[in-house]
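Geometric and topological summary
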There are 2 protein chains.
Amino acid sequence: MAEAVRHDKTARQLRLLSDALDSGRLGPVRRLINTLAPAEIGNLLESLPPDRRMVVWGLVDAEDDGEVLVHVGDEVRESLIADMDPDELVAAVEDLDIDDLADLVEDLPEAVTGQILQSMDRENRERLEQALSYEEDTAGRLMNPDVVTVRADTTVDVVLRFLRLRGELPENTDHLYVVNRRHQLLGWVALQKLVTSEPGVPINKLIDDELTAIHAAESAESVARQFSDHDWVSAPVVDEGNVLLGRITIDDVVDIIREQAEHQALGAAGLDEDEDLFSPVKRAVRGRIVWLGVNLATAFLAAAVIGRFEATIEKIVALAVLMPIVAGIGGNAGMQVLTLMVRGLALGQVGASNAGVLLWKEVRVALINGLLIGGFVGLVAFAWFQDWLLGVVITAALVINFSCAALAGVLVPLAMKRADVDPAVAGGVVVTAVTDVVGFFSFLGLATVILLR
Amino acid sequence: MAEAVRHDKTARQLRLLSDALDSGRLGPVRRLINTLAPAEIGNLLESLPPDRRMVVWGLVDAEDDGEVLVHVGDEVRESLIADMDPDELVAAVEDLDIDDLADLVEDLPEAVTGQILQSMDRENRERLEQALSYEEDTAGRLMNPDVVTVRADTTVDVVLRFLRLRGELPENTDHLYVVNRRHQLLGWVALQKLVTSEPGVPINKLIDDELTAIHAAESAESVARQFSDHDWVSAPVVDEGNVLLGRITIDDVVDIIREQAEHQALGAAGLDEDEDLFSPVKRAVRGRIVWLGVNLATAFLAAAVIGRFEATIEKIVALAVLMPIVAGIGGNAGMQVLTLMVRGLALGQVGASNAGVLLWKEVRVALINGLLIGGFVGLVAFAWFQDWLLGVVITAALVINFSCAALAGVLVPLAMKRADVDPAVAGGVVVTAVTDVVGFFSFLGLATVILLR
């Protein structure tokens, strides 16, 4: 493997770490991991089998423990938390930012949560409670209440003096927020403007109010889209009364985008994106069998269709040989259409206004591909079984199945979106069920009518 | 569709736009689109069928044209460029940032490129040539040469005066870079530190040199990973001699992450991530048929396996009815393992050091799932065809196929990674080819041996 992964930092770290663990000397292991960022440590822990993972977890600097917990998937997080006693846990998480704490708190044992709430001052406790009052995957949960605010009726000079007194700013601060006495958001001033303006310039001349603030109830998905459409680094979050609650920074948005992509990729195979690479066998079996069961149901449906044509197959065994081709390629064609539609829906590019045009385009593509692929398969079938009518039957069946694949590929995800089902996760099963059933039925049905006359 | 997408801004814009276009009055259309960010306009253009797309494209403010071109997929970009005359094109792109221009330049007609190079001053021309000297998808291509540098032997006060003289800073500037006389990178100073430090503090006290700079030849993927591991907003890019060439900002990284995710999702269905939702039928046919052809080859392979058992199927037609179940569910199980592996490889979490442990885990999961699913299918087969030996045969075949699915799911992507083939794109075909062949062969083979004794 060494050459293939030489450009990959994590893989290299993993190899170094494995070698160090193999040698049994933990000093070098500890030194190695504590040069890494918490996200990198999290990634490494996820790549280790359970026994080694626990050894390494014990060697992570206590001050990084909290950040590492934030950066691992739910299943791995659970196993790490199970390995810590309550005091360690409290120490690890009590200094986290409120948004990270809100993310973790539901995975913590109740006793620990109580202890943490007690150790917090009133302001932070209220902030945490406020964050938790919003649903998961909303702006209210993602935001960090730690913001720097200024008044409009002051000058650059005064603000700079205030900042010097204040000292360190929250991470990724690129704007100061301008609020009124009721803490309502009036606009923001970029640090860039602050450092390029003369000391005497009044702040209200530097205020930018062109951007729109994010509402605390907005979905994480919509937040991510706005950040990438507008190239924001941070954005303020307000409640319905335009009161400034906090801000969201791009690093959290990057995590959201990564998670969404993983959810889609793993969801399409019926997997949970939080599945641990090394989850216990029992858990992995449970996690996967539901999905296999759903697919089994559609496989039985297809088998039932074939079962109706037993008499036909008995007479022409060639049908049994060729029928998986019709179903399989139809499925591939359907998945292509579905994949395009899923992307289009995720980007908001497909709606009632253009679905018709799209459907018509896809049906034409399917007819042409069906004729091309079907024609070729027909010729092969003729050459193989010396029966030109069999060739005609399989060509016709493929054209029919490609057309149905296009219809299903366009209409199934639209219907799912309407019913609030994620087409990225559930679309594939339904579309291949359609192409299996239509494939077997049209091929065996046409064969019965035409070849057994 | 109206209710289902009510939270989705793009879909709402699309509907408004379609209504306005339907009404035929272009004034409201123009007003609507020119309130949008270029990325949003790009997204809208991608959602419109070709005729409407060209109408709207004609209404976009000329000054946004260049940015919009940067934000659409290759195929749509081509159609928009084809609609512009050379002068319009030159005007649209000449004010773009160097990194955006480098991204566009290869899609422009040669005449236009020449004109743009002529219209540029020497410094910018050299910068563009430098960017183009790096391969696509490397840091050298992504970087923007527009950076603010300062010297170490100065003070906060002097730097602030310099910045006030300079005026506006490049977008998303969060650091100033400290260089020596040979423009080698010594470190960087955060704007945050600048605004919180006393005027007399020397710059060399504020320098942060803990981060590592990005090398111009590094891959976009590695850049994206470092940004998300370290929560960076921007990072400096240097050459082999540590000379500062430019910087990469998080907004470009967000685009990379989105593109990678699209590449994976669409690649798995044999689609190009730049495929236009409304690409001309001829082009769509061409784009998809190669992939269908590859899948067809594997389908013929499976058919050939079945063909070897024609005599067996002739005697026991039930086999034809049940055989797609063995192949299909085996394929689903294999895709689950493959999907986990593809993610693990993308994150650098899988390598020689843990592949063995993973394989052993997946084989155990496969044996258990094979026995559970296989046992159930065996019972159904017995109930359906009243033949207990048939039930035993299909159970055994499923256990065998699940095991091979696990082996293929783990080993195929590892081998592909080693051979520098993207397992996210090519893994699925190979794994399902294995599960098809093994599924049909084990089921029909066992049936021949056991049932036809």
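Predicted model, so just to flag it, every value in this text is computed and none were measured.

On to the overall build of chain A, then. Of the regular secondary structure elements, chain A holds 21 helices and six strands. For a compact globule of 453 residues, the expected C-alpha radius of gyration is about 22 Å, and chain A comes in at 29 Å, more than 25% above that figure. Across its three principal axes, chain A shows a C-alpha extent of roughly 95 × 60 × 45 Å. Each of the 453 residues in chain A was classed as buried or not, and the buried ones make up 57%. Expressed as a percentage of contacts within chain A between residues at least 6 apart in sequence, the contacts between residues at least 24 apart total 65%. Entry remark: accessible area of chain A is about 19,000 Å², with carbon and sulfur atoms responsible for 54%. Computed over 37 positive and 68 negative side-chain charges, the inter-centroid distance for chain A is 5 Å.

Residues and elements named next belong to chain B. Buried residues dominate strand E5 (residues 234-238), accounting for five of its five residues. Here E5 shows a buried face lined by Ser 234, Pro 236 and Val 238 and a second buried face lined by Ala 235 and Val 237. Note that strand E4 (residues 214-215) and E5 share two bridges and pair parallel. Along E5, the bridge assignment pairs Ile 214 with Val 237. If you look at the hairpin formed by E5 and strand E6 (residues 244-249), you'll find five residues sitting between the two strands, and Asn 242 has a positive phi there, around 65 degrees.

Taken together, the contact between chain A and chain B spans 123 residues of the former and 121 residues of the latter. Between chain A and chain B the total buried area reaches about 11,400 Å² when both faces are included, carbon and sulfur atoms providing 66% of it. The interface formed by chain A and chain B includes four salt bridges. The salt bridge involving Glu262(B) is made with Arg343(A); its shortest N-O contact spans 3.0 Å. Taken together, chain A and chain B are joined by 30 residue pairs in polar contact (both at pLDDT 80 or more). Top element by residues in the side of chain A that touches chain B is helix H19 (residues 352-385) of chain A. It accounts for 18 residues. Its residues placed into classes, the side of chain A that touches chain B shows 71 nonpolar, 26 polar and 26 charged.

In the structure shown here, the tally under the stated rule is 10 aromatic pairs over all chains. On the numbers, 4.9 Å between centres and 15 degrees between planes, the contact of Trp384(A) with Phe385(A) is stacked.

Residue and element names in this part refer to chain A. Under the present numbering, the feature "domain: CBS" (unreviewed entry) in UniProt falls on residues 143-206 and 207-266. Along residues 143-206 the backbone is 27% helical and 20% strand, and the end-to-end C-alpha distance reaches 25 Å. Counting secondary structure, residues 207-266 comes out at 47% helix and 22% strand; the distance between its end C-alpha atoms is 44 Å.

Two elements in contact, helix H18 (residues 318-346) of chain A and helix H16 (residues 281-307) of chain B, have axes whose closest approach is 9 Å; the angle formed by their N-to-C orientations is 155 degrees. What the angle tells us is that H18(A) and H16(B) run roughly antiparallel. Relative to H16(B), the crossing made by H18(A) is right-handed. Facing H18(A), whose interface residues are Ala320(A), Val321(A), Pro324(A), Ile325(A), Ile329(A), Asn332(A), Ala333(A), Gln336(A), Val337(A) and Leu340(A), H16(B) presents Arg288(B), Trp291(B), Leu292(B), Asn295(B), Leu296(B), Ala299(B), Phe300(B), Ala303(B), Ile306(B) and Gly307(B).

Residues and elements named next belong to chain A. Viewed as axis vectors pointing N to C, helix H20 (residues 388-418) and helix H21 (residues 423-451) meet at an angle of 155 degrees, and their least axial separation amounts to 8 Å. The orientation of H20 relative to H21 falls into the category roughly antiparallel. Between H20 and H21 lies a crossing of right-handed hand. Classifying every residue of the contact of H20 with H21 by side-chain character gives 24 nonpolar, six polar and no charged.

Our next topic: a nonpolar patch on the surface. On the surface, Leu367(A), Ile368(A) and Leu372(A) cluster together to form a nonpolar patch covering roughly 230 Å² of accessible area. Considering the arrangement of structural elements, one finds Leu367(A) in helix H19.

What follows deals with the relation of the copies chain A and chain B. At an RMSD of 0.1 Å, chain A and chain B line up after a rotation of 180 degrees and a shift of 0.0 Å along the axis. Taken together, the rotation and translation relating the two chain copies correspond to the operation of a two-fold axis. By residue overlap, the copies meet face to face through one surface: 98% of the interface positions of chain A are interface positions in chain B.

Here we come to a negative patch on the surface. Negative charge collects at one region of the surface, where Asp83(A), Asp85(A), Asp87(A) and Glu88(A) lie side by side. Along the chain, the position of Asp83(A) falls in the loop between helix H6 (74-82) and helix H7 (86-93).

What counts and what doesn't
The written sequence of each chain sets the order in which its residues are numbered from 1. Each chain takes a letter, starting from A, and each ligand takes a number, starting from 1, following the order in which they are written. Selection of residues for local features in this predicted model requires a pLDDT of at least 70, selection of side-chain atom pairs for listing and counting requires 80 or more, and totals for whole chains, interfaces and linings are taken over all residues. Based on all heavy atoms of the structure, the side-chain values leave hydrogens and waters out of the count. The secondary structure listing takes helices from DSSP runs of H or I that are at least 4 residues long and strands from runs of E that are at least 2 residues long, numbered from the N terminus. The atom set for the radius of gyration is the C-alpha atoms, and the globule formula is 2.2 Å times the number of residues raised to the power 0.38. A simple rule labels every residue: compare its accessible area, found with a 1.4 Å probe on the protein chains alone, to the largest value its type can have, and call it buried under 20%, exposed over 50%, or partly exposed in between. We call two residues in contact when some of their heavy atoms are within 4.5 Å. Note on areas: Shrake-Rupley with a 1.4 Å probe; residue coverage comes only from the protein chains shown. Working convention for charge: Lys and Arg count positive, Asp and Glu count negative, and His plus the chain ends are omitted. All charge positions are set by atom: Lys at NZ, Arg at CZ, Asp at CG, Glu at CD. Strands qualify as paired when DSSP identifies two bridges or more between them. Joining two parts hides part of their accessible area as seen by a 1.4 Å probe, and the buried area is that hidden amount summed over both. Salt bridges are defined as contacts in which a side-chain nitrogen from Lys or Arg sits within 4 Å of a carboxyl oxygen from Asp or Glu. Under this definition, polar contacts are N or O atom pairs within 3.5 Å; protein pairs additionally need one hydrogen-donor-capable and one acceptor-capable atom, and for neighbouring residues in sequence, both atoms have to be side-chain atoms. Three residue categories are used. Nonpolar comprises Ala, Val, Leu, Ile, Met, Phe, Trp, Tyr, Cys and Pro, charged comprises Asp, Glu, Lys and Arg, and polar comprises the others, including Gly. Pairing of aromatic rings covers Phe, Tyr and Trp, the last through its six-membered ring, and needs centres within 6.5 Å; plane angles under 30 degrees mean stacked, over 60 mean edge-to-face, and all others mean tilted. UniProt positions are given in the numbering used here, feature names are shortened, and annotations may be inferred rather than shown by experiment. Here the axes come from fitting lines to C-alpha atoms, over the contacting stretch only for helices, and the angles between their N-to-C directions go from 0 to 180 degrees. Oblique is the label for every angle not falling under 35 degrees (roughly parallel), over 145 degrees (roughly antiparallel), or within 65 to 115 degrees (roughly perpendicular). Put simply, a crossing is left-handed when the front helix is turned counterclockwise from the back one by less than a right angle, and right-handed when it is turned clockwise. The patches reported here contain residues having more than 30% relative accessible area and no salt bridge. Joining distances are 9 Å for like charges and 5 Å for nonpolar side chains (Val, Leu, Ile, Met, Phe, Trp, Tyr). The least-squares superposition of copies is restricted to C-alpha atoms, and to residues with a pLDDT of at least 70 in both copies.

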